[in-house]
Structures are given as C-alpha cells and as structure tokens.
Amino acid sequence: MRVLGFGDNIVDRFVDRGTDYPGGNSVNVAVYARRLGLEAAYLGVFGDDDLGRFLGEAIAAEGVAVDRCVVRTGETGLSLLRVDDGDRVFLGWNGGGVTVREPLVLDGGLLAYVSSFGLVHSSVYSRSESELPKLAGLGPLVSFDLSSEEEFRTPAYLDRVCPHADLVLLSCSHLDEAATRGLLAEAVRRGAGIALATRGVDGAIACDGRVTLTAPALRVAGPRGIVDTMGCGDAFLAGFAVSLLRDGWAPDAPPRRRMIEDALHAGARTAYEQCFVEGAFGRGRPAVASMWRASGHEE
C-alpha cells in the first residue's frame, strides 16, 4: 500500500521557540502514513530558496520520496505561529508562496506516476481542485482535507471536490454535534464517499450515507504534557485512512461499519501521539532571520 501527498508544503515558524519546522497538510499526511508503516511519497512544488531546500531534505529524511517534485523560482510558503498552553496560535502567513501560486498540473507522465499509489491526499491549501477530476478512474482512492474555513463549505466548493473524493476531512471544533452531523451529511450528499469530522477534545464523527459513527478523543493526562497541537488533525486523518487501507478499503470495496469504527479509534490514537511531537513531525531548526514578505515587516 502506497500513499501520496499531493499539493501543499510550508515552513511553520514558531516565533516563541525561534524554530522552523517542516509541514503542510499534504506533506504531513504522507509523513504520518510512512511512520505508520506504509510506503509514501510527496508530490508538489518547492521554492528555490533556503526554506525550500530545508523542506525537501526534511521530508526525504522521513523516508518519503520527493523525486518527482518540482522546484520553481520564488519563495517558499511560511506561516508564523506560537504555542499558548499547548495550543498553537496562528499569527499569519505569506500566502503559501510559489507552491500555491504555481501548483503542479498533472500531465500524462505525472498521472502515470500517481496511478501507482493506493491513496492520493490533497487539501484546500494545495490549489489542486482542478486536478481532482483527472484522478477519477485512475486507480487510487482520493482523500481531501476541507479544513475549517467557511469559504470551503459553500455548496459551490463542495460540488468541486466531493464528487471526486472517497474521503473528506472537516475540522469542526467550533461546531456543535448537530451542526457537524449536518455538514457531514451534506458532504456525502454532494458526492463524498466518507465524510470525517474532527472535533478536538469532543472526539470525531464519520458518515458514509448509511451509518454515522462517533468516537471519543483520547485525553492527555498525567506527567506527559502536550507539546503542541500542530498536525493533530492531519495525524487523525492519516491514522483513519491507513486503518481503512489495511482492512481492505478500495475503490470497488467501500468500508464496512466495523472498519469505520476501527479507523476512528486508530485516528484517535495517532492524533493523541501527535500531541507530544514538536511541530508537525519534528526536524526543526533555528529560524533564519529574513523578511517575511506577506506582512511587510522584519522578524
């Protein structure tokens, strides 16, 4: 079983630590799948600056293949964050840099490469929506992270993504259970095979149009304090998807109820362990003083 992260990458700069960490939703899911024992690769665009080189080297060091990635002239995506009592606080970003401005287009050669994977994962931050129809019938399952912003939950946007996705993830910590269930049902009605919602300490809910299942979060207690919550949602998705893949999930074999139940608990375990990791997957380095273009101020 092979998993491909397709799309976004970014450097997460924790200003309180003075540390840069590699990350990005599509990168993280590939790295977590690799750490869970599957083969994995990342396909996307790196900037030709120092941060781009840092990202590529960090991802490759995790055993995730990056040999089909492209380097373009321009800056790498950079986000600024800090941690308050274990929770990450987003301070802003530079728009994703060249990765978002000039995303990869899947041509014949890349489509042949993508077809060799069992699961392809992408996200709203990847600008990959136009490429999703190309994956239909190609072979791999497709997962897509719909994040938490309202702009990615409009009927028009859901109609761009859901018909081409076997699994969508929605971050719903800000919604009550009734609203979350309604949103999941809407995503499935618009074409998603499975809709998964993470709700932080309130657990997770999955819906496939036949059943709607819940699972509690694993709470951090005792001497092991939370390092930060960066990547917990991505880790949940990776744990959930890897569990389904190992149980036989395939384009012609939708998961049964017990498979989804087991996947929810697997996702909770993976997200729990992520609470003790610095950044998305570690591999931090001291932040290099530079101009942050998006905000127009020096750090």
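In case you missed it, the structure is sitting above this.
Reading the values: rules and limits
- Residues numbered from 1 in each chain as written.
- Predicted model: local features only at pLDDT ≥ 70, side-chain atom pairs only at ≥ 80, totals over all residues.
- Heavy atoms only, no water.
- Phe/Tyr/Trp six-rings, centres within 6.5 Å; stacked < 30°, edge-to-face > 60°.
- Helix = DSSP H or I, 4+ residues; strand = E, 2+ residues; numbered from the N terminus.
- Buried < 20%, exposed > 50% of the residue type's maximum accessible area, 1.4 Å probe, protein only.
- Lys NZ or Arg CZ within 6 Å of the ring centre and 35° of its normal.
- Pairing = 2+ DSSP bridges.
- Axes fitted to C-alpha atoms, helices over the stretch in contact; angles between N-to-C directions.
- Left-handed = near helix turned anticlockwise from the far one by under 90°.
- Contact = heavy atoms within 4.5 Å.
- Nonpolar A, V, L, I, M, F, W, Y, C, P; charged D, E, K, R; others polar.

Enquirer: So what exactly am I meant to see when it comes to the packing of aromatic side chains here?
Expert: Note on aromatic pairs: each is described by the distance of the centres and the angle between the planes. Applying the stated criterion across every chain yields a total of 6 aromatic pairs. Ring geometry for tyrosine 125 and phenylalanine 152: centres 6.4 Å apart, planes at 80°, overall edge-to-face. Highlighted residues: tyrosine 125 in the loop between β8 (119-123) and α5 (132-135) and phenylalanine 152 in the loop between β9 (141-145) and α6 (155-161), separated in sequence by 27 residues. Exposure remark for phenylalanine 152: the relative accessible area of 9% places this residue in the buried category. Taken together, the ring pairs connect Tyr125, Phe152 and Tyr157 into an aromatic cluster. Its end group placed over the ring of phenylalanine 117, arginine 2 keeps NZ or CZ at 4.1 Å from the ring centre. Taking NZ or CZ as reference, arginine 17 lies 4.6 Å from the ring centre of phenylalanine 14, over its face.

Enquirer: What am I meant to see in the pairing of strand β13 (residues 212-215) here?
Expert: Across a regular strand the side chains alternate sides, sitting on one face of the sheet and then on the other. The alternating pattern of β13 places Leu213 and Ala215 on a buried face, while none of Thr212 and Thr214, on the opposite face, is buried. As paired elements, strand β12 (residues 204-207) and β13 share 4 bridges and run antiparallel to each other. Its bridge partner lying in β13, cysteine 207 is registered against threonine 212. What sits between β12 and β13 in their antiparallel hairpin is a turn of 4 residues, with glycine 209 showing a positive phi close to 90°.

Enquirer: Would you mind going over the packing of helix α8 (residues 232-246) against helix α9 (residues 257-274) with me for this structure?
Expert: The geometry of a pair of packed helices is captured by two quantities: the angle between their axes and the separation between those axes. Between α8 and α9, the shortest axis-to-axis distance is 7 Å and the interhelical angle comes to 145°. Crossing of α8 against α9: the hand is right-handed. For the pair formed by α8 and α9, the contact residues are Cys232, Ala235, Phe236, Gly239, Phe240, Ser243 and Leu244 on the first element and Met259, Ile260, Asp262, Ala263, Leu264, Ala266, Gly267, Ala268, Thr270, Ala271 and Gln274 on the second. Taken together, the residues of the contact of α8 with α9 break down into 12 nonpolar, 5 polar and 1 charged.

Enquirer: Would you take a moment to explain the sheet that holds strand β1 (residues 2-7) for this structure?
Expert: The strand order across the open sheet built from 9 strands is β5-β4-β1-β8-β9-β10-β11-β12-β13, with neighbouring strands paired in mixed fashion. The open sheet has two edge strands, β5 (70-72) and β13, and neither has a second partner. Each neighbouring strand pair of the sheet contributes to a mean axis angle of 15°, computed without reference to strand direction. Of the pairings in the sheet, the one linking strand β4 (residues 39-47) to β5 comprises 3 bridges and is parallel in character. The partner of phenylalanine 46 across the bridge, within β5, is valine 71. Its contacts with the sheet place helix α1 (residues 25-35) against β1, β4, β8 and β9, and it is angled at close to 145° to β8. Helix α7 (residues 177-189) rests against β10 (167-171), β11 (194-198), β12 and β13 of the sheet, and its axis sits at about 30° to β12.

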